Structure formats: structure tokens, C-alpha cells
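Tertiary structure, described
Next come the chains, spelled out residue by residue.
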Amino acid sequence: MAGILIRLRLLLTRRTLSNGMQGFSFVMGVLVGTVFAIITAALIGFAVRDGDVANGITVAATIFGVWTLGWLCGPVLIGSSDETIQPEHLRLLPLSSRQLAGGLLAAAFAGPAPVINLIAFAGLVALAAQLGWAATLVAVVGTVLQLVFVVLLSRVVLAWVGAAMRSRRGKDIGVLLAGLLGVAYYPMSWLMSHVSALRDLPDWAAAALRWIPSGWAPVAVEGAAQGNWLLALVPLVGLVVVSLGLWQAWAVLLARRLAAPMNSVAGSTGGGLLGRVRQRGPVGAVLIKELRTWSRDSRRRAALLPVLVVGIMMPVFPAFQGSGTGAVPFAGVTAVSFAALAGANLYGYDGTAIWQTLVTPGAARADVRGRLLALLIVLGLPTVLLALILPGALGRWSLYPWVLSLYGAALGVGVGAAVLISVLAPYPIPPRTGNPFSGSGNPGCAKVLLQFTVLFGQLAAVLPVLLVLLIGHFTELTAIEWLAVPVGVGTGIAAAMVAARLAEKRLTTQGPELLAAVRPK
């Protein structure tokens, strides 16, 4: 069974490589990942300096931890996990959940991500080669076991969060867990940018990094180098036991997933607050439909919530590092800027259902404007409170014109850019499955490029607002700073209206091409 799934995975990967832009972005993602893996391997391989093995092992354990966090927060941040082979497609085969988990695990190792990770972890073998043959042998075994551990951990955690986000009852815990995984990006980036400082860590911090599972393979190498075979074997046995436990947990989650309906939309078909809202005209109907979809579709929640949390934490995290609270009042601005990334493929979520809009005369205008208004509400409600409250709560009253003007521009431009990108560069999304994080049919590289397009559009649009703010700041005229608020709001409104007009024209004239683009391949 495992061999069949591996061949199927390789066949699907070969098909991806021959699929034009999708193949190009796949190759680019692999190349970028390989470069980072080689750099990581070099950092680990040359971690021992002046014979200080202990500090070298601490650096290796820390970098292993960073890559483990990457396996957890990466799929959450980009809203996509690697499920080239969908478990739902194997639902009717006479396989137990354990057999299916074993086969899918074997197929997972046939993809590029584990190979890239193996290159990074191979730096431990280079480090161990400097410590003797025994340490090298332990490093080879530890590297393989560590790779199995991180792949299984990623599968289990994402399956657990995904299962929570598929139901109303588990929605809150799913929101929290997805947000925490997204925030894990910050300690990961901080650790990678402070590798040299890891040699001066306090003893308790170094011990913590060594004794969590991500540091067990380096600890085993240290034990072998010291001739302490108990210290060398116990971490390896621990990795085997933990991996077996994760495999069993994944099998249980797979069984529950396959027993559930293939539908990630939670909630009833009517009622609630939106059910009591009067739908005035086609735009209102689309608006209500989109708001309901954003509240029920776990795939959209999985795409929105992590980037929203990351945007909020971006100015907050430096404050925890002792950099002051100067940027915290701008949390609403960064939050809405990042949250707009989640709306850059609105028509991809609908898939071929867009044909109903294309064959209805005059429906394109209402569809585009309804989606834009819904996105304004979805992104605006949680972030406008941050923009209104944080400057006053922190006693930074003078920053209100800065925050409000930049927020108005970022919200309007972000929403407009998201709707426009949705019709200019849509990509297909697989049918709903039990894992909301598998909701991306496009390799991460192309998706990240689209997200950067939205961010750069926002950055370019706020330049006039920044100019007015800077003039008011250097002339010490508060009135000019407050003049930036209507400028920012006007910029946002104008950008949203222009984007809506362009998106409407594109949908009207290139509708068949868009339908072909979002059709699952």
C-alpha cells in the first residue's frame, strides 16, 4: 500500500511540474527551501567552536526547534498544508486507519518538504563527524528519527486544529490554536536572527532547548561524543516512542475525519442575526451570503485568523523584547494589512459555482460590490476597535491622526486589492475536506507572491498619507496631521471603488477564463 501511494505522490508531483505557472512556482519554492536548508546545515555543522561541544549542541537543538516550529506555523500562516493525496479519496478502500496513516506518512516523505528538511538536519551529521564515529552513527539515526517526528507532529497538530474548526462547538478553541501557531513565527524568526547569542544563553534556557523533543537528537550526539551511552540511547528511544504515539493519534484523527461528512461549512441554513437582516437588492443578497460564508467556512477562517493574529502581534512582539510600546498603537493598521491577504482568492473558494454569476445578466456588478462590502465588514470590525482604543489606552493621544489616517488607507486599499487580485490571478482550491488547512491548490510560492502584491499595493497607497503626516510633524502643526485623516479615508474609498470597477470589468469580459482558472485540475 505504501509503495502505491508513493508512486501516486510522485506521479502527481510530476503532473504539477508540467502545469505551467504552477510548476514554475513549485520549482521556485523548492529552490528557495533548499537554499535555506543548506544555510541551516552549515550553521549546525560549524556550531562547535574552540572545542566547545556543549554550546554547539545548544545551537543545534535551537535550530532543530526552529524548523519544528516552521512545520507547525508554516501551513497555518499560508493557509495550506501538503495534502497532495487526499485521505477522502481513499475512504472506500478496505484499509484500517493505521494502515492508511502509515501509507500517507510514507507518501509524505516522497515530497520535497521532508527532503529539504533532511538536508537541514544533516548538519547534525557534519557536526558529529568532528566528534568521532560513534557520534556520527548516532547523528544519522537521530536525524532520521527527528525528521519522522516533525512530519508526524505537523500532521497531528494540523489535523487536530482542523477538526476543531469544523464545528461550532470547537470553533473557539480552533481560533485560539490557529492564532497561537501563527504567533509561533515570531520566536522562530527571533531565534534565527540571534544564533550567535545562543552561546550565551542562561543554563535553564539551554537545558529547556535540549530537553524538549526537538532537541533530543543533538543531545544523543552529545552523549555519544562523551561516551555516555545512556544519554545517547534514551533520547533516540524517546523519539521512537513519541513518533509511535503521534502515528497512533494521527490514525485516530484520520478515522474521525473519514467518518465525518466531506463538508467544512458549519452552522444551520438559516436564522441567526444575518437571517433577520433585510436583503435589499442583489448587492445586499451577495453581502449576506458572503458574511454567512465567512462565518461558517472553516477554510476561510483558517486563512483569515492566523494572519490576523500575526498582524496584531507584529508591533506587539517587539515590546516584549524591550523595544518599547511605540509601535503598539499601530496594531490595528498592521492587522488589517495582513488580514487583507486572506481575501486574495475569493473566487477560488467558490470554484465552478461562479458560472451562476456569469450566466446571470448584470450579476457581475452586484457580485463584486457585495463581496467587497462583506470583506470590509469582516476585516473592519475586529481591527477598527484596535485603531480606536490602543492609542488612547497607551496614553499616546498624539498618534491618533497617524493611526486613523493610515488605517483608513490600509483598509480600503487592502480590500480593493484583494477583490481585484481575486479576478486577475485566481487559482483553484480542492473540494472541502476534513482539513481546512489543505484548502490551497496552488504551491505556496505563487500564493506568497500574490500576498506581497497586496502588501505592496497598500504600501504605495499610503505614501500620500505619510507625506501629509510628515509635513504636519516637521512643521509641528497638529491641524495638518489631522488633515491626513480625510486624506487616508478618501484614499481608501477611492482605491476600493477603482478596484471594484476594474474587477467588475474583468469579471464581465473574462468570465470564461476565470471559470477555467478556478476549476480544480
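Each chain carries its own residue numbering, running from 1 in the direction its sequence is written. Confidence filtering applies because this is a predicted model: local features only for residues at pLDDT of at least 70, side-chain atom pairs given and counted only at 80 or more, and all residues used for totals across whole chains, interfaces and linings. With hydrogens and water excluded, all non-hydrogen atoms of the structure serve as input to the side-chain values.

1. Some points on the overall build of the protein chain
Within the protein chain one finds 24 helices and 0 strands. Note on classification: 1.4 Å probe, protein chains only; a residue is buried when its accessible area is under 20% of the maximum for its type, exposed when over 50%, partly exposed between these limits. Split into buried and exposed, the 521 residues of the protein chain put 52% on the buried side. Contacts are residue-level and defined by heavy atoms, with any inter-residue pair within 4.5 Å sufficient. Across the protein chain, contacts joining residues at least 24 apart in sequence account for 80% of those joining residues at least 6 apart. For helices the rule is a DSSP run of H or I covering at least 4 residues; for strands it is a run of E covering at least 2, with both sets numbered from the N terminus onward.

2. A short note on the nonpolar core
The set of buried Ala, Val, Leu, Ile, Met, Phe, Trp, Tyr and Cys residues whose side-chain atoms join them within 4.5 Å is what this entry labels a nonpolar core. Counting residues in each nonpolar core, the largest one holds 62 residues, and the members touching the most others are L375 and L379. Sorting elements by how many residues they give to this core places helix α20 (residues 400-424) first, with 14 residues. Counting 55 residues, the second largest nonpolar core, distinct from the first, contains I44, V161, V221 and L239.

3. Concerning a nonpolar patch on the surface
A patch consists of residues exposed above 30% relative accessible area that lack any salt bridge, with like charges linked at up to 9 Å and nonpolar side chains (Val, Leu, Ile, Met, Phe, Trp, Tyr) linked at up to 5 Å. Here, Shrake-Rupley sampling with a 1.4 Å probe gives the accessible areas, and only protein chains in the shown set may cover a residue. A side-chain nitrogen of Lys or Arg and a carboxyl oxygen of Asp or Glu constitute a salt bridge if their distance falls within 4 Å. The grouping of L17, F24, V27, M28 and L31 at the surface amounts to a nonpolar patch, some 430 Å² of accessible area in total. Looking at which element gives the most residues to the nonpolar patch, the answer is helix α2 (residues 21-45), with 4 residues. Within the secondary structure layout, V27 lies in helix α2. On the accessibility criterion, V27 (36% relative accessible area) is partly exposed.

4. Some remarks on the environment of Q146
Here Q146 shows up in helix α7 (residues 133-164). Taking the relative accessible area as the measure of exposure, Q146 reaches 0% and is therefore buried. Separated by 70 residues in the primary sequence, Q146 and W216 place their C-alpha atoms 8.1 Å from one another. Sequence-distant contacts of Q146, that is, excluding residues within four places in its chain, are made with F64, F121, P213, S214, W216, A217 and L239.

5. Looking at the packing of helix α11 (residues 216-226) against helix α12 (residues 229-259)
For helices, the fitted axis covers only the stretch in contact; all axes are lines through C-alpha atoms, and the angles between them, taken along N-to-C directions, range from 0 to 180 degrees. For the pair α11 and α12, interaxial distance at closest approach is 6 Å and the crossing angle is 155°. Put simply, α11 runs roughly antiparallel to α12. Note that α11 runs across α12; the crossing there is left-handed. Touching W216, A217, V219, A220, G223, A224 and Q226 of α11 are W229, L231, A232, P235, L236, G238, L239 and V242, all from α12. Oblique is the label for any angle not under 35 degrees, not over 145, and not in the 65 to 115 range, which are roughly parallel, roughly antiparallel and roughly perpendicular in turn. Definitions for this section: a left-handed crossing has its near helix turned counterclockwise from the far helix by less than a right angle. A right-handed crossing has that turn clockwise.

6. Quick notes on the packing of aromatic side chains
Pairing of aromatic side chains here covers Phe, Tyr and the six-membered ring of Trp, requires ring centres within 6.5 Å, and sorts the geometry by plane angle: under 30 degrees stacked, over 60 edge-to-face, intermediate tilted. Taken as a whole and judged by the stated rule, the model has 2 aromatic pairs. Summarising the aromatic geometry, the rings of F64 and F121 are spaced 4.2 Å apart at their centres and angled 15° between planes, so their arrangement reads as stacked. Residue F64 is located in helix α3 (residues 53-78), and its partner F121 is located in helix α5 (residues 112-121); the two are separated by 57 residues in the primary sequence. Plain terms: the ring middles of W397 and Y400 are 5.8 Å apart, the flat faces sit at 40° to each other, and that makes the pair tilted. Residue classification places W397 among the exposed positions, given a relative accessible area of 57%. By relative accessible area, which is 13% here, Y400 ends up buried. Only Lys NZ and Arg CZ are tested; either one counts as a charge over a ring when it is within 6 Å of the ring centre and within 35 degrees of the ring normal. Positioned above the aromatic ring of W294, the side-chain terminus of R300 is 5.0 Å from the ring centre. Between R371 and the ring centre of Y347, over which it is positioned, the NZ or CZ distance is 4.2 Å.

7. Section: the confidence of the model for the protein chain
Residues shown with low pLDDT carry predicted positions that ought not to be read at fine detail. Looking at the protein chain, the pLDDT average stands at 79 and 78% of residues meet or exceed 70. Predicted confidence in the protein chain is weakest over helix α13 (residues 272-275), with a mean pLDDT of 56, and strongest over helix α23 (residues 478-509), with 91. Note that residues 264-269 has pLDDT below 50 and, in this model, 17 contacts with residues that lie over four places away or in other chains. Scored from 0 to 100, pLDDT records how confident the predictor is in each individual residue.

8. A look at the pattern of salt bridges
Scanning all chains against the criterion turns up 9 salt bridges. For the salt bridge of K289 with E290, the shortest nitrogen-to-oxygen distance reads 3.0 Å. By relative accessible area, which is 34% here, K289 ends up partly exposed. Taking the shortest distance from any N to any O, the salt bridge between D350 and R300 comes out at 3.6 Å. Here the residue D350 occupies a position in helix α17 (residues 346-350), and R300 occupies one in helix α15 (residues 298-320), the gap between them amounting to 50 residues. Taken together, the shared-partner salt bridges connect K289, E290, R300, D350, D367 and R371 into one network.

9. Things to note about helix α4 (residues 97-108)
Expected helix span is taken as 1.5 Å per residue step, with the number of steps being one fewer than the number of residues. The end-to-end C-alpha distance of α4, which contains 12 residues, comes to 16 Å, matching closely the 16 Å that a straight helix rising 1.5 Å per residue would cover. Residues L100, A101, G103, L104, L105, A107 and A108 constitute the buried set of α4.

10. Observations concerning the environment of P464
In this structure, P464 sits in helix α22 (residues 463-475). When the C-alpha atoms of P464 and A484 are compared, they prove to be 8.8 Å apart, with 20 residues separating the residues in sequence.

11. Overview of the side chain of T68
On the secondary structure map, T68 appears in helix α3. With residues near it in sequence (within four places) discarded, T68 still touches F149, V150, L153 and S214.

12. Section: the packing of helix α19 (residues 363-393) against α23
Where α19 contacts α23, the two axes come as close as 9 Å, and the packing angle between them is 140°. Overall, the two elements α19 and α23 adopt an arrangement that is oblique. The handedness of the crossing between α19 and α23 is right-handed. Contacts between α19 and α23 involve A364, R365, D367, V368, R369 and L372 from the former and A496, A500, R501, A503, E504, L507 and T508 from the latter.

13. Observations regarding helix α24 (residues 511-518)
When α24 is considered as a whole, its buried residues turn out to be G511, L514 and V518. The buried residues of α24 occupy an angular sector of 60° when the element is viewed end-on, so they sit on one face. By definition, the arc is the one covered by directions from the helix axis to the C-beta atoms.

14. Brief notes about the environment of T62
As for its placement among the helices and strands, T62 is situated in helix α3. Judged by relative accessible area, which is 2%, T62 ranks as buried.

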